[in-house]
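Per-entry structural report
This is what each chain is made of:
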Amino acid sequence: MSKIAVVTGASAGVGRATAVLFAQKGFDVALVARGEGGLQAAAKEVEHAGRRAVVLPADVADYEQVESAAAAAEESLGPIDVWVNDAMTTVFAPLGDLDPDDFKRAVEVTFLGQVWGTMAALKRMRPRDRGSIVNVGSALAFIAIPLQAAYCAAKFACRGFFESARAELIHEGSHVRMSMVHLPAVNTPQFDWCETSLPRHPQPVPPIYQPEDVAKFIVEAAHDGRRAKIVGSWNKLLVAAGKVAPGLANQYAARGAWETQLTEEPLSKDRPVNLFDPVDVFNDAGAHGQFDDKAGGFLDPSFLRSLPQTAKTFAAAARATTLEKLERRRR
Ligand SMILES: NC(=O)c1ccc[n+]([C@@H]2O[C@H](COP(=O)([O-])OP(=O)(O)OC[C@H]3O[C@@H](n4cnc5c(N)ncnc54)[C@H](OP(=O)(O)O)[C@@H]3O)[C@@H](O)[C@H]2O)c1
């Protein structure tokens, strides 16, 4: 009997790579996002892998649309075995430049999108006492960086929501599994279409990985049900620092995660933005962004070349943390 996976954010980026990998592993896939061009192209890739695909345009910030997508997925394909909450959006801007409506929208898509997806999946999985939910997280669910307050807040909230929902399943002795996979920086279209007030084109903070390299951890989590996975050695280090020395991590983020989020390229005036609507319903952005040449992960030469500067930034952050402590004692 075939297995059924639902992937939100399946039209592009990590979600697209995840949907295709599920198909390659023998799953029929329900593809949820807003842009029909990307969804139809994803469906072709799923079918190319020999599996059935169903395209379900929906805005994950709207509970009714997510619930309808879940119902349509089961009607077309059958009972859902796996639900992946991947869809997101973000705004790159210092807090002072952030439009409150943009902040609200980024949180609604990135956080509530995961909540609505989890609720729609649990509504179907709990009565059957089987199924697997995988929520996509980030190092930024542990360490918040400047210029992305809405996204960081949403990812922290996603982690809190996930732990609570998982504890409830354990409490009731359910066999439904929930996992959260915390990704490193990934080369996806996110940076080409996210809202920004900054004068330069945004980029993922290196080291950068390819969507296919991280998708396999999401598929693996759906199978093994492990509570949390942190993908990438650098990511593991950052998450550990956020837990063990949050003050130091904050000082490091202030120094090391401003310029590294920006390329040298001036922001194009006619750049599309996906915050409220998909950039172009007929567009297919694919899984990859524009950083293929830097997406070699931890061993990428451009990342290795940046390590001496990273060490200096870390030393400055450590000095500032110590001074902060001394200053507090003096007061
Ligand atoms: N890229 C990174 O560096 C990175 C790092 C850590 C974690 N992550 C996590 O990885 C996941 C995927 O990110 P990504 O970089 O692949 O993003 P992306 O390239 O921007 O793709 C986002 C996907 O979400 C969909 N989406 C956006 N708004 C939506 C809405 N309102 N309703 C339904 N679908 C919507 C987009 O399709 P439509 O526009 O067609 O709807 C697209 O399919 C996210 O959970 C993100 O937090 C990414």
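Residues numbered from 1 in each chain as written. Predicted model: local features only at pLDDT ≥ 70, side-chain atom pairs only at ≥ 80, totals over all residues. Heavy atoms only, no water.

Structural notes on the site of the ligand
Close contacts around the ligand come from 31 residues, with Ser-11, Tyr-151, Lys-155, Val-186 and Thr-188 the closest. The backbone of Val-60 places a nitrogen or oxygen atom 2.9 Å from a nitrogen atom of the ligand. The side chain of Lys-155 places a nitrogen or oxygen atom 3.0 Å from an oxygen atom of the ligand. Against a free-state accessible area of 880 Å², the protein chains account for coverage of 97% of the ligand. (Near = heavy atom within 4 Å. Polar contact = N/O pair within 3.5 Å; in protein donor to acceptor, adjacent residues only side chain to side chain. Areas by Shrake-Rupley, 256 points an atom, 1.4 Å probe, with all protein chains shown as cover.)

Remarks on helix H9 (residues 246-256)
Every buried residue belonging to H9 is among Leu-248, Ala-249, Gln-251, Tyr-252, Ala-253 and Gly-256, and all of these are buried. In this fold, the buried residues of H9 make contact with helix H8 (233-244) and helix H10 (301-330). (Buried < 20%, exposed > 50% of the residue type's maximum accessible area, 1.4 Å probe, protein only. Helix = DSSP H or I, 4+ residues; strand = E, 2+ residues; numbered from the N terminus. Contact = heavy atoms within 4.5 Å.)

With respect to the nonpolar core
The biggest cluster of nonpolar side chains holds 35 residues, and the ones touching the most others in it are Val-6, Ala-30, Val-32, Leu-56, Trp-83, Met-125 and Ile-133. Ranked by residues supplied to this core, first place goes to helix H4 (residues 100-128) with eight residues. In contact with Ile-133, not counting residues within four places along its chain, are Trp-83, Asn-85, Thr-118, Ala-121, Leu-122, Met-125, Arg-177, Met-178 and Ser-179. (Core = buried A, V, L, I, M, F, W, Y, C linked by side-chain atoms within 4.5 Å.)

Focus on the pattern of salt bridges
Evaluated as defined, the whole model comprises 17 salt bridges. For Lys-123, the salt bridge is made with Glu-67, and the minimal N-O distance between the two is 3.0 Å. Pair noted here: Lys-123 is in helix H4 and Glu-67 is in helix H3 (residues 63-76), with a separation of 56 residues, a long-range link. Under the relative-accessibility criterion, Lys-123 is labelled partly exposed at 48%. For Arg-200, the salt bridge is made with Glu-259, and the minimal N-O distance between the two is 3.0 Å. Remark: Glu-259 occurs in the loop between H9 and strand E13 (262-266) and Arg-200 occurs in strand E10 (residues 200-202); sequence separation between them is 59 residues. Exposure remark for Glu-259: the relative accessible area of 46% places this residue in the partly exposed category. (Salt bridge = Lys/Arg side-chain N within 4 Å of Asp/Glu carboxyl O.)

A look at the layout of surface pockets
As a volume, the second largest pocket reaches approximately 210 Å³. Where the lining of the second largest pocket is concerned, the elements lending two or more residues are H8, H9 and H10. (1 Å grid on protein atoms, 1.4 Å probe; cavity = no way out; pocket = protein on both sides within 12 Å on 5 of 7 lines; lining within 4 Å. Points joined across faces, edges and corners; volume = space filled by probe spheres on them.)

Side note on the pairing of strand E1 (residues 3-8)
Across the six residues that make up E1, a large majority, five, are buried. Tracing the backbone out of E1, into helix H1 (residues 13-24) and back to the parallel element strand E2 (residues 27-33) gives a crossover that is right-handed. Bridge count for E1 against strand E4 (residues 82-85) is three bridges, and the pairing is parallel. Looking at E4, one finds that Ala-5 is bridged to Val-82. (Right-handed = clockwise from strand over helix to strand, strands pointing away. Pairing = 2+ DSSP bridges.)

Focus: helix H2 (residues 36-48)
Helix length check: H2 (13 residues) gives 18 Å between terminal C-alpha atoms against 18 Å at 1.5 Å per residue, within 8%. When H2 is considered as a whole, its buried residues turn out to be Gly-37, Gly-38, Leu-39, Ala-41, Ala-42, Ala-43 and Val-46. Packed against the buried residues of H2 are H1, E2 and strand E3 (53-57). At the exit of H2 stands Gly-50, carrying a positive phi of roughly 90°. (Expected span 1.5 Å × (residues − 1).)

Side note on a positive patch on the surface
On the surface, Lys-325, Arg-328, Arg-329 and Arg-331 cluster together to form a positively charged patch. The residue Arg-329 is located in helix H10 in this model. (Patch = residues over 30% accessible without salt bridge, like charges linked within 9 Å, V, L, I, M, F, W, Y side chains within 5 Å. Lys, Arg positive; Asp, Glu negative; His and termini not counted. Charge placed at Lys NZ, Arg CZ, Asp CG, Glu CD.)

Quick word on a negative patch on the surface
Side chains of Glu-212, Asp-213, Asp-292 and Asp-293 sit close together on the surface and give a patch of like negative charge. For Glu-212, the position within the fold is in helix H7 (residues 211-224).

Notes on the packing of H8 against H9
Following both chains from N to C, one finds H8 and H9 inclined at 125°, their axes separated by 5 Å at the closest point. Between H8 and H9, the crossing angle belongs to the class labelled oblique. Seen from H8, the contacting residues are Trp-234, Leu-238, Ala-241, Gly-242, Lys-243 and Val-244; seen from H9, they are Pro-246, Ala-249 and Tyr-252. Class assignment for the residues of the contact of H8 with H9 results in seven nonpolar, one polar and one charged. (Axes fitted to C-alpha atoms, helices over the stretch in contact; angles between N-to-C directions. Parallel < 35°, antiparallel > 145°, perpendicular 65-115°, else oblique. Nonpolar A, V, L, I, M, F, W, Y, C, P; charged D, E, K, R; others polar.)

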